[in-house]
Amino acid sequence: HLVGNSAKKTENLQASKRILRFLNETAGKRFRETKVNLAFIEARLADGITEEDLRKITVRKAREWLPDDKMREYLQPKTLFNRTNCEGYLGNLIPPGKVKTEL
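Just so we're clear, the structure is a prediction, and the values are computed from it rather than from any experiment.

> Explain the overall build of the protein chain here, please?
Broken down by element type, the protein chain carries six helices and zero strands. What you see in the protein chain, going N to C, is helices and strands ordered as α-α-α-α-α-α. Across the 103 residues that make up the protein chain, the buried fraction comes to 29%. Here the contacts in the protein chain between residues at least 6 apart in sequence split such that 64% fall between residues at least 24 apart. Surface exposure of the protein chain reaches about 7100 Å², of which carbon and sulfur atoms provide 52%.

> Help me out: how do you make sense of the packing of aromatic side chains in this one?
Aromatic ring pairs are described here by two measures, namely the spacing of the ring centres and the angle between the planes. Per the counting criterion, the structure on display carries one aromatic pair. Centre to centre, the rings of tryptophan 65 and tyrosine 89 are 6.0 Å apart; their planes meet at 80°, and the pair counts as edge-to-face. Here the residue tryptophan 65 occupies a position in helix 3 (residues 51-65), and tyrosine 89 occupies one in helix 6 (residues 83-91), the gap between them amounting to 24 residues. Overall, the relative accessible area of 9% leaves tryptophan 65 in the buried class. Among the residues examined, tyrosine 89 registers a relative accessible area of 15% and is labelled buried. In this structure, arginine 55 packs its charged tip against the face of phenylalanine 22, placed 4.7 Å from the ring centre.

The rules behind the values
- Residues numbered from 1 in each chain as written.
- Predicted model: local features only at pLDDT ≥ 70, side-chain atom pairs only at ≥ 80, totals over all residues.
- Heavy atoms only, no water.
- Helix = DSSP H or I, 4+ residues; strand = E, 2+ residues; numbered from the N terminus.
- Buried < 20%, exposed > 50% of the residue type's maximum accessible area, 1.4 Å probe, protein only.
- Contact = heavy atoms within 4.5 Å.
- Areas by Shrake-Rupley, 256 points an atom, 1.4 Å probe, with all protein chains shown as cover.
- Phe/Tyr/Trp six-rings, centres within 6.5 Å; stacked < 30°, edge-to-face > 60°.
- Lys NZ or Arg CZ within 6 Å of the ring centre and 35° of its normal.

Structure follows, in structure tokens:
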């Protein structure tokens, strides 16, 4: 069991690095691959949020916040991937095919 757990941690660390690079590319940022930055992402992956959903959150928030000088600074790991914030952002992602077109 410990071997499987170790493999999962390694997998989550690699995924966290990919997501951090994606954030940097998407938002024009330069966050370094430090424990503090990666820990937020690793924790969300450990909570069961997929890499794809974390990317979707990044894209959505970048679209919303990059044009706004005040909000742009919040495009960072500690804001996007904080447990409470991230769950809220995840809940606001619209599942494919679930967009209501009429009341």
